[in-house]
Amino acid sequence: MAPEANVCVVQDKLSRHAWWKHAQACWWGDDVLPSLIRPFMRFQREQNTGAQVDSIEPCMCSQRHHILKIVCVHMEYLEDIDLVVCSRRPAAIQLVSQGLFPCSPLAPTLAVSMDMLEFVSDLFVNMAPNE
Ligand SMILES: [Zn+2]
């Protein structure tokens, strides 16, 4: 049996949940994260130069728009926001442009601020291993 056939057999035996997690990991790696590089770099540049973050103007495209209710976790508070998304303006890009990172690639319900992510990252790097 060829190695490729073994892979297909293994994928056939994956549970639906495992298949979904694998598909979502591929989606993050192949589509979403590469599309977030430029918005993240723009946000970083605006943060470093102290420039005013541009407000997001309403999208005027003819595609269907959805409103997502998203809970944003900042360092000191939680915030509920409504985000208008369409295929031209996905939620992930809008959130990263505002300094937030989405919890899922398509329709996030939670986003965490970059400051909070950096704090947690530093915390776990410097935390004692037995904690
Ligand atoms: Zn639109």
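Refer to the preceding data block for the structure.
Residues numbered from 1 in each chain as written. Predicted model: local features only at pLDDT ≥ 70, side-chain atom pairs only at ≥ 80, totals over all residues. Heavy atoms only, no water.

K.L.:
Go over helix α2 (residues 16-49), please, and point to the residues and values.
P.N.:
Given a rise of 1.5 Å per residue, 34 residues ought to cover 50 Å, and the 46 Å separating the end C-alpha atoms of α2 matches this to within 8%. By the largest-angle criterion, W28 marks the main kink of α2, which is about 40°. Among all positions in α2, only W28, V32, L36, P39, F43 and E46 are buried. On its buried side, α2 packs onto α3 (91-97), β3 (100-102) and α4 (114-126). Once α2 finishes, G50 follows within two positions and takes phi at roughly 75°, a positive value. (Helix = DSSP H or I, 4+ residues; strand = E, 2+ residues; numbered from the N terminus. Expected span 1.5 Å × (residues − 1). Bend = angle between axes of the 7 residues up to and from the residue. Buried < 20%, exposed > 50% of the residue type's maximum accessible area, 1.4 Å probe, protein only. Contact = heavy atoms within 4.5 Å.)

K.L.:
Account for the coordination of the zinc ion, naming residues and giving values.
P.N.:
At 2.2 to 2.3 Å from the zinc ion lie its protein donor atoms, namely C59 (SG), C61 (SG), H65 (NE2) and C86 (SG). Of note is the zinc ion, whose 4 donor atoms meet at the metal with angles of 102 to 113° in an arrangement that counts as tetrahedral. Considered as a linear motif, the donors of the zinc ion on their single chain read C-x1-C-x3-H-x20-C. (Donors = N, O, S within 2.8 Å, 3.2 Å for Na, K, Ca; no water. Tetrahedral: all angles 85-135°; square planar, octahedral: opposite > 155°, others 65-115°.)

K.L.:
Could you give an account of the pairing of strand β4 (residues 110-113), naming the residues involved and the relevant values?
P.N.:
As judged from the 3 bridges shared by strand β1 (residues 66-73) and β4, these two strands associate in the parallel manner. When the bridges of β4 are listed, C72 appears paired with A111. Here 3 bridges tie β3 to β4, and the two strands are oriented antiparallel to one another. Bridge pairing in β4 links P102 to A111. (Pairing = 2+ DSSP bridges.)

K.L.:
An account of the side chain of S113 is needed here, citing residue identities and associated values.
P.N.:
Within the secondary structure layout, S113 lies in strand β4. On the accessibility criterion, S113 (5% relative accessible area) is buried. Those residues in contact with S113 that sit more than four places away from it in its chain are V73, H74, M75, G99 and L100.

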